[in-house]
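Observations on chain architecture
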Number of protein chains: 2
Amino acid sequence: MSYDTRAEYKDGMAFDVDLGGHDLRVDAGTDHGGRNYGPTPRSMMLAALSGCTGMDVVAILRKMQMPYDSFAIEVRADSADQHPHVYTAVTVRYLFSGQKVEREKVEKAVTLSLDRYCPVAATLRHTARIDYEIVINQ
Amino acid sequence: MSYDTRAEYKDGMAFDVDLGGHDLRVDAGTDHGGRNYGPTPRSMMLAALSGCTGMDVVAILRKMQMPYDSFAIEVRADSADQHPHVYTAVTVRYLFSGQKVEREKVEKAVTLSLDRYCPVAATLRHTARIDYEIVINQ
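Rules and cut-offs
- Residues numbered from 1 in each chain as written.
- Chains lettered and ligands numbered in written order.
- Predicted model: local features only at pLDDT ≥ 70, side-chain atom pairs only at ≥ 80, totals over all residues.
- Heavy atoms only, no water.
- Helix = DSSP H or I, 4+ residues; strand = E, 2+ residues; numbered from the N terminus.
- Buried < 20%, exposed > 50% of the residue type's maximum accessible area, 1.4 Å probe, protein only.
- Contact = heavy atoms within 4.5 Å.
- Salt bridge = Lys/Arg side-chain N within 4 Å of Asp/Glu carboxyl O.
- Polar contact = N/O pair within 3.5 Å; in protein donor to acceptor, adjacent residues only side chain to side chain.
- Nonpolar A, V, L, I, M, F, W, Y, C, P; charged D, E, K, R; others polar.
- Pairing = 2+ DSSP bridges.
- Disulfide = S-S within 2.5 Å.
- Expected span 1.5 Å × (residues − 1).
- Axes fitted to C-alpha atoms, helices over the stretch in contact; angles between N-to-C directions.
- Parallel < 35°, antiparallel > 145°, perpendicular 65-115°, else oblique.
- Left-handed = near helix turned anticlockwise from the far one by under 90°.
- Least-squares fit on C-alpha atoms with pLDDT ≥ 70 in both.
- Domains from an automatic or database assignment.

Looking only at helices and strands, one finds three helices and six strands in chain A. Starting at the N terminus, the α and β elements of chain A follow one another as β-β-β-α-β-β-α-α-β. Along the three orthogonal principal directions, the C-alpha set of chain A runs to about 50 × 35 × 30 Å. Residues classed as buried in chain A amount to 54% of the 138 residues present.

Every contact between the two is made by 65 residues of chain B and, on the other side, 65 residues of chain A. Our count for the contact surface shared by chain B and chain A stands at two salt bridges. Residues E74(A) and R6(B) are paired through a salt bridge, measuring 2.7 Å at the closest nitrogen-oxygen approach. The tally of links between chain B and chain A comes to 20 residue pairs in polar contact (both at pLDDT 80 or more). Per element, the largest residue contribution to the side of chain B that touches chain A is 16 residues, and it comes from helix α1 (residues 41-63) of chain B. Residues of the side of chain B that touches chain A, tallied by class, amount to 38 nonpolar, 16 polar and 11 charged. As paired elements, strand β4 (residues 70-79) of chain A and strand β1 (residues 5-9) of chain B share four bridges and run antiparallel to each other. Each residue of the ladder has a partner; that of E74(A), found in β1(B), is R6(B).

Residues and elements named next belong to chain A. Taken as a whole and judged by the stated rule, the model has two disulfides over all chains. Across a sulfur-sulfur distance of 2.2 Å, C52 and C118 are joined as a disulfide pair. Residues C52 and C118 share a disulfide whose torsion about the S-S bond is about 140°; that sign makes it right-handed. With a gap of 66 residues between them, C52 in helix α1 (residues 41-63) and C118 in the loop between α2 (103-117) and α3 (119-124) connect regions that are remote in the sequence. C118 shares its class with C52; the two are buried.

With that out of the way, let us pick up α1(B). Look at α1(B): 34 Å from first C-alpha to last across 23 residues, which is about the 33 Å you get at 1.5 Å a residue. With its phi angle positive at about 55°, Q65(B) sits one or two positions after the end of α1(B).

We now examine the packing of α1(B) against helix α2 (residues 103-117) of chain B. Residue and element names in this part refer to chain B. Here α1 crosses α2 at 130°, and the two axes come no closer than 9 Å. Relative to α2, the element α1 lies oblique. The crossing of α1 and α2 is right-handed. Of α2, the residues touching α1 (which contributes T53, D56, V57, I60 and L61) are K105, V106, A109, V110, L112, S113, L114 and Y117. Class assignment of the residues belonging to the contact of α1 with α2 gives a composition of nine nonpolar, two polar and two charged.

This next bit is on the relation of the copies chain B and chain A. The transform that puts chain B on chain A rotates by 180° and translates by 0.0 Å along the axis, for an RMSD of 0.0 Å. Between the two chains, the operation in question is that of a two-fold axis. Proximity to the rotation axis, assessed at the C-alpha, singles out M45(B) in chain B; its C-alpha lies 2.8 Å from the axis.

The assigned domain composition of chain A is domain 1 (1-39) and domain 2 (41-137). With centres defined by C-alpha atoms, the gap from domain 1 of chain A to domain 2 of chain A works out at 25 Å.

Structure, rendered in C-alpha cells:
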C-alpha cells in the first residue's frame, strides 16, 4: 500500500519518521526508556495544533489585509492521569506585535480557525477543552 | 505562561516550531500557499500516531521477550471533504522481520497499544476509524 507516513524503529525508543519526504525523529524522554533524541509523539499533536491554527490565522489576516510585524503561538496542555493520557485541556496563546494590529480582526481569525477550519483543533477538541488568549504588543 | 510548544511565523505559510527543545519546521504545500519546507501540521498527527503506537509495541514486545530484526510502521489516512477536513479513516500497518517473530504476540501488543495505551490513537479515534494490518517477513 502507499502510505502517508512511515516510521522505522532505530533503537531505545527512537523512530525515524518519513513524513511526505520530510525526515523527523521521535523519541521518548529519559524517564520513559528513551534518550530524548526527538520530540515525543504525543507532544507532536501540540506542534501540529500550533502550525495548523497558525496557518489559518495567517491566511485569514492576509484576506483582511491586516499587517503585523511578528506572530507566534504558544501552546500549553494538561493531560489525564489515567491511560491513555489524552490531553484534557489546551491553551493556545496568539502573540502579535505591530502598530496596526487590531484585536477584533485577530479574534475573528482565531475563532474561525479553532471553530471551523483547523483539523487538529477539531480532533483534539474531542478530548480537550481548548481555550485561547490573544496578546498584542503595539 | 510556560508553554509546551512555541511556533514562530517565518513567511509564506512556514512556522518554526520549538517542541521541548527540538526544532521542527512546518509548512503548507505549494497548492495551499506554502513551499513544502516541512510537513503539514495535519499530517504530523499521523507521524505522532506512528511513533506513539510504535513505542508502545516496542515496550510490550520487550516485556514479552520477543526478538525481531526490524520493525517499521506505515500509516495511510483518508480525510473528510468538508472543513475542517479531519481524518476519517486511518490504516496502521506494522511490518516486522525476524525468524522469531510470533503473530500472536505482535497482535496482542498492537491491540493493547491502539485500544489502551496510545494517546494519539485514543484522540484520532473520535473522528477516524482506525484499522491495522500486521505483515511478518520471516
